[in-house]
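Observations on the three-dimensional arrangement
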Amino acid sequence: MSSVSFAQESKPPPPPVEKPKIPKSKPDYSLLPKNPKKATILSAILPGAGQIYNGKSWKVPLIYGGLITDVYFINFNNRRYQIFKQALADFDDELPNDFPSLNRDGLVRNVNYWRKSRDLTYLVLVGIYALNLIDANVDAHLSGFDVSDDIALKIEPHYESFSSNNKSVGLSLKLNF
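Please read these numbers as outputs of a predicted model, since none were measured by experiment.

**Here we look at the packing of aromatic side chains**
The tally for this structure, following the rule as stated, stands at five aromatic pairs. Ring geometry for Phe 76 against Trp 114: centres 5.8 Å apart, planes inclined by 80°, an arrangement best described as edge-to-face. Of the two residues, Phe 76 sits in helix 3 (residues 60-92) while Trp 114 sits in helix 4 (residues 104-141), which places them 38 residues apart along the sequence. With 4.3 Å between their ring centres and 10° between their planes, Phe 84 and Phe 99 make a pair best called stacked. Of this pair, Phe 84 sits in helix 3 while Phe 99 sits in the loop between helix 3 and helix 4, and the two are 15 residues apart along the sequence. The pair formed by Phe 84 and Phe 99 is uniform in burial state, with each residue classed as buried. Taken together, the ring pairs connect Tyr 72, Phe 73, Phe 76, Tyr 113 and Trp 114 into an aromatic cluster. Positioned above the aromatic ring of Tyr 53 is the side chain of Lys 34, whose terminal nitrogen or guanidinium carbon lies 5.3 Å from the ring centre. One Lys or Arg, Arg 118, reaches over the ring of Tyr 81 and ends 4.7 Å from the middle of that ring.

**Brief notes about the packing of helix 1 (residues 36-45) against helix 4**
Running from N to C, helix 1 and helix 4 cross one another at 155°; their axes reach a closest spacing of 8 Å. The orientation of helix 1 relative to helix 4 falls into the category roughly antiparallel. Where helix 1 crosses over helix 4, the two elements pack in a sense that is right-handed. Judged by residue contacts, Pro 36, Ala 39, Thr 40, Ser 43 and Ala 44 of helix 1 engage Tyr 129, Asn 132, Leu 133, Ala 136, Asn 137, Ala 140 and His 141 from helix 4.

**A look at the packing of helix 3 against helix 4**
The interhelical angle for the contact between helix 3 and helix 4, taken along N-to-C directions, is 160°, at an axis separation of 8 Å. By the criterion of interaxial angle, the relationship of helix 3 to helix 4 is roughly antiparallel. For the crossing formed where helix 3 meets helix 4, the hand is left-handed. Along the lines of polarity and charge, the residues of the contact of helix 3 with helix 4 split into 19 nonpolar, seven polar and seven charged.

Rules used in this analysis
- Residues numbered from 1 in each chain as written.
- Predicted model: local features only at pLDDT ≥ 70, side-chain atom pairs only at ≥ 80, totals over all residues.
- Heavy atoms only, no water.
- Phe/Tyr/Trp six-rings, centres within 6.5 Å; stacked < 30°, edge-to-face > 60°.
- Helix = DSSP H or I, 4+ residues; strand = E, 2+ residues; numbered from the N terminus.
- Buried < 20%, exposed > 50% of the residue type's maximum accessible area, 1.4 Å probe, protein only.
- Lys NZ or Arg CZ within 6 Å of the ring centre and 35° of its normal.
- Axes fitted to C-alpha atoms, helices over the stretch in contact; angles between N-to-C directions.
- Parallel < 35°, antiparallel > 145°, perpendicular 65-115°, else oblique.
- Left-handed = near helix turned anticlockwise from the far one by under 90°.
- Contact = heavy atoms within 4.5 Å.
- Nonpolar A, V, L, I, M, F, W, Y, C, P; charged D, E, K, R; others polar.

Here it is, written out as structure tokens:
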């Protein structure tokens, strides 16, 4: 007698073997003198605080100088935008405006120009803030990097003998650290 089996009658597949879950390891910053995560959080809360934490307090005036300058230009561009926007509204209402020599197209161009300039300075503000965060993080990562004067690359003459009658003369590069 022959044995006939159908797919429904076959042996059930073995249960799937569960692979042990390996927990994702967090980066170990314990070997670094400064913690990059802490430096970044400090700079996110108060711009420049991460630089002070990293011992680079000379960067703080640069950060605040950039932020204050950008806020000034945001205010300047916004005032010009508002002036031309009001002049355009007055022109449309057939009221006298501050720019009698400009027609409607000139006013529209100025409104668009000052609005774009204001919006661009907002992006520059975000860029300065982001650079503050990146600088604090990178500086903390590099805090363990050895930059001592002991690191040197020297070029020295080199003499080597392979056998009694086979000798080699040349230059060697030596890295001392």
